[in-house]
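The chain contents come next:
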Amino acid sequence: MAYLIECPRPHDAAAIGQVHLRAWLQTYLNEDAGIDETWIRGNVGSVTTTEGIARWQKFIEEAEQQPYETFCRVARFGDEIVGLLCGRRDDVVTLGPMYLLEEVKGQGLGRRLMDEFLAWAGETSMRLWVTAYNERAIRFYTHYGFEMTGESELWKDKLPNVRMVRHSPVAVTPRGN
C-alpha cells in the first residue's frame, strides 16, 4: 500500500492531534534541556483534548475555506495519518507545524509534503522555527534552501528553537551590451 498526501477533513482532527503528540514524544525528548515525557504532555498534550481537537478542526476548516492563506496536508498509510505539514501566508509564508512519525521517516514523505508546500507557497519568502537540537530537521530544511538567521527563542522557557528563512528568488535581469 502506498502513502497518500491529501488535504485533511475536519473529522481527521483527533487523529492529527494524536500524531502531533506522538511526534513530539518521539522527537523532542532531551534530558540536557530538561524535556521529558511529563513536560511534553503538560505543554503539548492539550492537542488531544476536546479543545485541542476543536482547534485542529478550525484550522482544517480554514484551510478548506481559504486555501490561498492556509495550507494543510496529511500523509496517510491506509486509514492512518502518519504525518502532516501546515502553514500560513501573511507578509511571508510561515511553515509549520511539520511532523512525521518516526516509523515513516526516510521514505520520502517529508520530501513529498515539502514539494506540495513549496508549490503552494510559490516565490514568497518563508520562515519557520525548528528545535535547535533537531539536527535531522535542520538538514532537511537546509536542503530546501532555508538558512539560519541567528534568531532564537526558548519556547515555554525550555525548548530551544532557532529561526530559519528561505528568501524568495531574486530575478536576475540580463545586462545589456
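Provided above is the structure to which this section pertains.
Residues numbered from 1 in each chain as written. Predicted model: local features only at pLDDT ≥ 70, side-chain atom pairs only at ≥ 80, totals over all residues. Heavy atoms only, no water.

*Asks:* Describe in detail the environment of Glu 153, supporting the description with residues and values.
*Replies:* If you trace the backbone, Glu 153 turns up in strand E6 (residues 147–155). Residue classification places Glu 153 among the partly exposed positions, given a relative accessible area of 29%. Separated by 21 residues in sequence, Glu 153 and Ala 132 place their C-alpha atoms 9.6 Å apart. Apart from the residues within four sequence positions on either side, Glu 153 is in contact with Trp 129, Leu 159, Pro 160 and Asn 161. (Helix = DSSP H or I, 4+ residues; strand = E, 2+ residues; numbered from the N terminus. Buried < 20%, exposed > 50% of the residue type's maximum accessible area, 1.4 Å probe, protein only. Contact = heavy atoms within 4.5 Å.)

*Asks:* Just give me the short version of the pattern of salt bridges, but keep the residues and values in it.
*Replies:* Tallying each qualifying case throughout the model produces 12 salt bridges. A salt bridge links Arg 76 to Glu 6; the shortest N-O distance between them is 2.2 Å. Pair noted here: Arg 76 is in strand E2 (residues 70–77) and Glu 6 is in strand E1 (residues 3–6), with a separation of 70 residues, a long-range link. Judged by its relative accessible area of 10%, Arg 76 is buried. One salt bridge in this structure joins Glu 37 and Arg 41, with 2.8 Å as the shortest N-O distance. Here Glu 37 pairs with Arg 41, and both are found in helix H2 (residues 37–44), just 4 residues apart, close to one helical turn. A single network of salt bridges, built from pairs that share partners, joins Glu 6, Asp 12 and Arg 76. (Salt bridge = Lys/Arg side-chain N within 4 Å of Asp/Glu carboxyl O.)

*Asks:* If you had to explain the pairing of E2 to someone new, which residues and values would you point to?
*Replies:* Counted residue by residue, E2 has 7 buried out of 8 residues, so it is predominantly covered. Both E1 and E2 contribute to a ladder of 4 bridges, which runs antiparallel. Each residue of the ladder has a partner; that of Leu 4, found in E2, is Arg 76. Relative to strand E3 (residues 80–89), E2 is paired through 8 bridges, and the arrangement is antiparallel. Within E3, the residue paired with Arg 76 across the bridge is Ile 81. (Pairing = 2+ DSSP bridges.)

*Asks:* So what's going on with the sheet that holds strand E4 (residues 93–100)? Residues and values would help.
*Replies:* Strands sit in the order E1-E2-E3-E4-E5-E7-E6 across an open sheet of 7 strands; the sheet is mixed. Of all strands in the sheet, those bounded by a partner on one side alone are E1 and E6. The mean inter-strand angle of the sheet, taken between neighbouring strand axes irrespective of direction, is 20 degrees. Here helix H3 (residues 50–65) sits on the sheet in contact with E2, E3 and E4, set at roughly 110 degrees to E2. The strands that helix H5 (residues 135–143) touches are E4, strand E5 (126–131), E6 and strand E7 (159–166); relative to E5, the one it contacts most, it runs at about 160 degrees. (Axes fitted to C-alpha atoms, helices over the stretch in contact; angles between N-to-C directions.)

*Asks:* Go over the packing of helix H1 (residues 13–27) against H2, please, and point to the residues and values.
*Replies:* Pairs of packed helices are described in terms of their axes, by the angle between the two and the distance that separates them. Packing of H1 against H2 leaves a shortest axis separation of 10 Å and a crossing angle of 150 degrees. Taken together, the axes of H1 and H2 lie roughly antiparallel to each other. Crossing of H1 over H2 shows right-handed handedness. Facing His 20, Leu 21, Trp 24 and Leu 25 of H1, the residues of H2 in contact are Glu 37, Trp 39, Ile 40, Arg 41 and Val 44. (Parallel < 35°, antiparallel > 145°, perpendicular 65-115°, else oblique. Left-handed = near helix turned anticlockwise from the far one by under 90°.)

*Asks:* With reference to specific residues and values, describe the packing of aromatic side chains.
*Replies:* Within this structure, the stated rule accounts for 11 aromatic pairs. Here the aromatic rings of Tyr 3 and Phe 77 are separated by 5.0 Å at their centres, their planes lie at 45 degrees, and the arrangement is tilted. One end of the pair, Tyr 3, is in strand E1; the other, Phe 77, is in strand E2, with 74 residues separating them in the sequence. Given the relative accessible area of 19%, Tyr 3 is considered buried. Taking 4.5 Å as the distance between ring centres and 55 degrees as the angle between the ring planes, the aromatic pair formed by Trp 24 and Tyr 28 counts as tilted. (Phe/Tyr/Trp six-rings, centres within 6.5 Å; stacked < 30°, edge-to-face > 60°.)

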